[in-house]
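# Notes for the structure review
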Amino acid sequence: MSGKREFLSVTSIVAMGIGTALYAAFNVFFNIFQLPGTQLVALRPSVAIPMFFGFVFGPIVGFVAGFLGNIISDAISWGGFWWNWDVGNGLLGLIPGLTIFLIKKEEMSTSKGLILCSILSIIASIIGMGFAAYTDYIFGYGISTIEEATYALFLPAAITDAVNGAIITPILVAAYSAAVKGRARRA
Amino acid sequence: MSESRFIKYIEGKSIIHNLDPRAKIIFVFSILFSLTISPSLILIIPLLIISFLFYLLAKLPLKKTITTWKFVLIIVVVLSMLNLLTLSILYKHGGNIIFEFSWFVITDEIIQRAIFPVMKLLSLAIVTITLIFTTPPKLYAPALGQMHVPYKPAYIIQLAFRYIPEYILEMRKTLEAQMARGFKPKGGKNPLAKILSIIPLIVPVTISAALSIYDIADAMELRGFGEKKNHTWYRKLDFNRKDIFLIILSIFIVLIYILSYFYFRFLF
């Protein structure tokens, strides 16, 4: 395959669709866990899904899974649409995908790869939720001081997502690499 | 966990059901854009009325929409209003005092800052759930495709809507399989405990879904997906007079709100 076809190959299109569907299907349930004292921040163990898709299938797949998955789940659970939170969720998937520039593909399921995956999930939570919370402040969507953005949006969202992502994503990666072992073409 | 509850399309024959999905999507985005830039509470109210009219015209039965309404009213309106009130009382801003009791002060500024975002959320929620309730999920991708979105991105959305019910079904199957092996999910009628029982399903469902990706991709490649640059859609959508009216209305709303935005910006 030439380099241009790799960008939107059939496999990556399917991976984006499946990742979106999974993230949306789980989020519909978890959107009920609104954290008290925050502004529409939910506790979602499902954040590991875009991180896993980003880590295994590449940054663009991770971004699309997080971005579209969040749009669809918000729309079907309560009809919301906030572009900056959707981009923030996309970043949750994009940043773990950067691992392809850091280690070789064969090393992904070794302990080195899993530790890197955990660290990248934490960085992704901080950057992604930071982006979403502070764009809320910059554009004035509901909050108007930087302390509110930090304590009501950024800290609760980033901490819960970092804990969930750092624990569940490496488990997913390890389970996936064990499941694909011995199958042709799948790694 | 019935799968039909989550893709919430309700069949019907109202005006809104018969509109072209493209016109509805344009309308929702025009309301969203106007809400985002509208600078004062007075300008939110007409949008709230328009979106409520849009909902009423769809003639949706209350029996089928009640779960969504409960969610919108309890989570979005009550909880976020309480949260915003706490926030604006904690981080004081000034304004005229309405009620005072030692350190506890309520000003008109606080009330406005608690109500303003909730109004925005409510109006947006009404428009979006009307779109979701009245548009069959299989029409989103053809609509986007015929709005000149390239067909590969449109197909991602098609795939997503195709597989969401599948994975909700898969979750139930996995839970039943685990129960057959002796796993006991907690809570009988407690809804929160029911949702907590989904957490152990994340790993198996995600892995089985990720393993099926290559099979689906192979099946699509065998049928020649992605070979040609052009792609036609099985369902051809046509605008009629009502659709054109709705699009003109959307453009009109957006223009009014852009004008009022600049008016408020430079005069006050």
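Scope of this entry: the structure provided in the associated data block. (Residues numbered from 1 in each chain as written. Chains lettered and ligands numbered in written order. Predicted model: local features only at pLDDT ≥ 70, side-chain atom pairs only at ≥ 80, totals over all residues. Heavy atoms only, no water.)

## Considering the overall build of chain A
Counting its secondary structure elements, chain A contains 7 helices and 0 strands. In chain A, the succession of α and β elements from N to C terminus is α-α-α-α-α-α-α. Within chain A, buried positions represent 66% of all 187 residues. Total accessible area on chain A stands at roughly 6,700 Å², and carbon and sulfur atoms take up 72% of it. (Helix = DSSP H or I, 4+ residues; strand = E, 2+ residues; numbered from the N terminus. Buried < 20%, exposed > 50% of the residue type's maximum accessible area, 1.4 Å probe, protein only. Areas by Shrake-Rupley, 256 points an atom, 1.4 Å probe, with all protein chains shown as cover.)

## Here we look at the overall build of chain B
Broken down by element type, chain B carries 10 helices and 2 strands. Seen in sequence order, chain B has helices and strands lined up from the N terminus as α-α-α-α-β-β-α-α-α-α-α-α. Contacts spanning at least 24 positions in sequence make up 76% of the contacts within chain B whose residues lie at least 6 apart. Summing over all exposed atoms, chain B offers an accessible surface of approximately 15,100 Å²; the carbon and sulfur share of this is 67%. (Contact = heavy atoms within 4.5 Å.)

## Comments concerning the interface of chain B and chain A
Listed by partner, the interface residues are 62 residues for chain B and 64 residues for chain A. Taken together, the two surfaces of chain B and chain A that pack against each other cover about 5,900 Å², and 79% of this comes from carbon and sulfur. Where chain B meets chain A, there are 0 salt bridges. Counting across the interface, chain B meets chain A through 0 residue pairs in polar contact (both at pLDDT 80 or more). Of all the secondary structure elements, the ones that give two or more residues to the side of chain B that touches chain A are α2 (21-37), α4 (62-90), α5 (108-134), α7 (151-180), α8 (191-196) and α9 (202-222) of chain B. No other element matches α9(B), which puts 16 residues into the side of chain B that touches chain A. In terms of residue class, the side of chain B that touches chain A is built from 48 nonpolar, 7 polar and 7 charged. (Buried area = accessible area lost by both parts, 1.4 Å probe. Salt bridge = Lys/Arg side-chain N within 4 Å of Asp/Glu carboxyl O. Polar contact = N/O pair within 3.5 Å; in protein donor to acceptor, adjacent residues only side chain to side chain. Nonpolar A, V, L, I, M, F, W, Y, C, P; charged D, E, K, R; others polar.)

## A short note on the packing of aromatic side chains
Any two aromatic rings considered together are summarised by their centre-to-centre distance and by the angle between their planes. For the structure shown, the criterion picks out 16 aromatic pairs over all chains. Between Phe52(A) and Phe53(A) the ring centres are 5.5 Å apart and the planes differ by 85°, which places this aromatic pair in the edge-to-face class. As far as burial versus exposure is concerned, Phe52(A) and Phe53(A) are alike and both buried. For the ring pair Phe52(A) and Tyr176(A), a centre distance of 5.5 Å and an interplane angle of 75° mean the geometry is edge-to-face. A residue pair is termed long-range when its members are at least 10 positions apart, and Phe52(A) in helix α3 (residues 48-57) and Tyr176(A) in helix α7 (residues 146-180) qualify at 124 residues. Per residue, the accessibility class of Phe52(A) equals that of Tyr176(A), and both read buried. A connected cluster of aromatic rings, assembled from ring pairs, spans Phe52(A), Phe53(A), Phe57(A), Tyr176(A) and Tyr214(B). Residue placement shows Arg22(B) over the ring face of Phe239(B); its charged tip is 4.3 Å from the ring centre. Here the basic side chain of Arg162(B) rests over the ring of Tyr163(B), its NZ or CZ set 4.7 Å away from the ring centre. (Phe/Tyr/Trp six-rings, centres within 6.5 Å; stacked < 30°, edge-to-face > 60°. Lys NZ or Arg CZ within 6 Å of the ring centre and 35° of its normal.)

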